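# Structural characterization, general
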Amino acid sequence: MTTRRGIDWIGIPVVAAVGLAAYWLLPDDLGLLTRILSSALFVLSLDLVLGYGGIATLGQAAMFGAGAYAAGIAAVNWVADPFALLAVGGVAGGLVALATGALILHARGLTLLMLTIAVAQIVQEVANKARDWTGGSDGLSGIEPAPVLGMFRFDMYGRTSYLFALAVLVVALVVARRIVRSPFGLACRGVKEDPLRVSAIGGSPKLYLVALYGVAGVFAGVAGGLTAVTSGIVGLDSVGFSWSAEALVMLVLGGTGRLYGAVIGTAAFMGIHHILAASDPFHWMAFIGLFLIGIVLFLPGGIASGVERLVGLVRGKEDRA
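Residues numbered from 1 in each chain as written. Predicted model: local features only at pLDDT ≥ 70, side-chain atom pairs only at ≥ 80, totals over all residues. Heavy atoms only, no water.

## Here we look at the packing of aromatic side chains
What counts is decided by this rule: The criterion for an aromatic pair is that two Phe, Tyr or Trp rings (for Trp, the six-membered ring) have centres within 6.5 Å, with stacked assigned to planes under 30 degrees apart, edge-to-face to planes over 60 apart and tilted to the rest. Strands here mean DSSP runs of E at least two residues long; helices mean DSSP runs of H or I at least four residues long; both are numbered from the N terminus. When accessible area is computed with a 1.4 Å probe and restricted to protein chains, residues below 20% of their type maximum are described as buried, those above 50% as exposed, and intermediate ones as partly exposed.
Applying the stated criterion to the full structure yields nine aromatic pairs. Seen in terms of ring centroids, Phe42 and Trp243 are 5.1 Å apart; in terms of plane orientation they differ by 25 degrees. Their pairing is stacked. With Phe42 in helix H2 (residues 30-51) and Trp243 in helix H11 (residues 241-254), the pair connects residues that are 201 residues apart, well separated along the chain. Per residue, the accessibility class of Phe42 equals that of Trp243, and both read buried. Judged by centre distance (6.3 Å) and plane angle (50 degrees), the ring pair of Phe184 and Tyr208 falls under tilted. You can see Phe184 sitting in helix H8 (residues 183-193) and its partner Tyr208 sitting in helix H10 (residues 205-231), a full 24 residues away along the chain. Tyr208 gets classed as partly exposed once you look at its relative accessible area, which sits at 27%. Put simply, the rings of Tyr23, Trp24 and Tyr162 touch in pairs and so form one group of aromatic residues.

Dropping the structure here:
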């Protein structure tokens, strides 16, 4: 536990430092790196509900897509400031999460899982039918955000997009860490571990879970808004089942209940996906499957648990020395 807390303290500075290093070392891959950052923020929102609240969901893309479409529609029709668009996306994601969470969190287990999938399917169908606003199956395009702080334009090389996404992710990690360490976050952990005990001391497990679901919806909505701002287009795949499933795979790969595990898992999954798909476009999915099986078998706590073990071994050798 001490090792985990130590890594937690340095996790955010490491993410910032590695992100800045990647900006200089991989200038030709900024588009991919930007997608990794925005996806990591989405996976972070899933970690809040699953890793800290124990809410198993395969419908997190509903909040992500709601935020992406809300930010995209606002950009096309009303406002272009990138920070305002992120706020619009966060509000949309939070509202969808609160509205649906109050209904579906009555259920537990597989029933809850199916309800989350149903919510995502409903949101996707609404987006598909509202063609005048969302573009339907053709997607919503024409999103042209204003320069960041009025000075930094979003260029075709992706430099501004990448740095903007990195800054948003780092701030989100700081806020998320503050939330999970707050009395509210500790109460949510208590609900995950023993909801009956929380009820016995006068707490409301359902109220805590709905609130946490809403907070995670805000994070997912901001991730959707960030994707809309940096990519300039929103498609139906942003609310698809496969996107929710991929996010869950990335979270399990990195490690749940750690925050920085979401970043590690996203970077590992999308990076390996990119490399293998480019080197072997016909068999890359088999390699991805073998990689995931290996992680689950040998590092059941995710890649982050392996990092914690390694740091613990190094510290143990230093203490013995």
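## Quick word on the nonpolar core
Just so we agree on the cut-off: What makes a nonpolar core is a set of buried Ala, Val, Leu, Ile, Met, Phe, Trp, Tyr and Cys residues whose side-chain atoms join them at distances within 4.5 Å. Every residue pair with non-hydrogen atoms within 4.5 Å of one another is taken to be in contact.
Within the largest apolar cluster, 87 residues are counted, with the highest numbers of intra-cluster contacts made by Leu41 and Leu44. Filtering out sequence-adjacent residues up to four positions away, Leu41 remains in contact with Val168, Leu169, Ala172, Phe219, Val222, Ala223 and Leu226.

## Some thoughts on a nonpolar patch on the surface
We apply this condition: Patch definition: residues above 30% relative accessible area lacking any salt bridge, with like charges linked at up to 9 Å and the nonpolar side chains Val, Leu, Ile, Met, Phe, Trp and Tyr linked at up to 5 Å. Throughout, the Shrake-Rupley method with a 1.4 Å probe supplies accessible areas, and for residues the shown protein chains are the sole cover considered. Just to be clear on terms, a salt bridge is a Lys or Arg side-chain nitrogen sitting within 4 Å of an Asp or Glu carboxyl oxygen.
A cluster of nonpolar side chains, namely Phe287, Leu290, Ile293, Leu297 and Phe298, defines an oily patch on the protein surface of about 590 Å² accessible area. Residue position: Phe298 is located in helix H13 (residues 284-298).

## Comments concerning the layout of surface pockets
Applied cut-off: In the cavity and pocket records, a cavity denotes points on a 1 Å grid over the protein atoms alone where a 1.4 Å probe fits but cannot get out, a pocket denotes an open set with protein on both sides within 12 Å along at least 5 of 7 lines, and lining residues are residues with an atom within 4 Å of a point. Grid points are joined across faces, edges and corners, and a volume is the space filled by probe spheres set on the points. Following the grouping adopted for this structure description, the nonpolar residues are Ala, Val, Leu, Ile, Met, Phe, Trp, Tyr, Cys and Pro, the charged ones are Asp, Glu, Lys and Arg, and the polar ones are all others, Gly among them.
Its boundaries defined by the atoms lining it, the largest pocket holds a volume of some 800 Å³. In terms of lining, the largest pocket is formed by 29 residues, of which the most central are Arg35, Ser39, Asp237, Trp243 and Met270. Every element with two or more residues in the lining of the largest pocket is listed here: H2, helix H3 (61-77), H10, H11, helix H12 (260-279) and H13. With six residues, the top contributor of residues to the lining of the largest pocket is H2. Class assignment of the residues belonging to the lining of the largest pocket gives a composition of twelve nonpolar, 14 polar and three charged. Size it by volume and the second largest pocket reaches roughly 570 Å³. Around the second largest pocket sit 26 residues that line it, and Val18, Gly19, Val263, Ile264 and Ala267 are the ones nearest its centre. Element by element, the count of residues in the lining of the second largest pocket is highest for helix H1 (residues 2-25), at eight residues.

## Concerning the packing of H3 against H10
For the record, the criterion: As a rule, the C-alpha atoms of each element are fitted with a line to give its axis, helices using only the stretch in contact, and angles between N-to-C directions run from 0 to 180 degrees. Any angle that falls under 35 degrees is termed roughly parallel, while one over 145 is termed roughly antiparallel, one within 65 to 115 roughly perpendicular, and all others oblique. A clockwise turn of the near helix away from the far one marks a right-handed crossing, whereas an anticlockwise turn of less than a right angle marks a left-handed crossing.
Contact geometry of H3 with H10 gives a least axis separation of 7 Å together with a crossing angle of 45 degrees. Between H3 and H10, the interaxial angle falls into the category oblique. For the crossing formed where H3 meets H10, the hand is right-handed. Here Met63, Phe64, Gly67, Ala68, Ala71 and Gly72 of H3 come into contact with H10, specifically with Tyr213, Gly217, Ala220, Gly221, Ala223, Gly224, Gly225, Thr227 and Ala228. The class makeup of the residues in the contact of H3 with H10 is eight nonpolar, seven polar and no charged.

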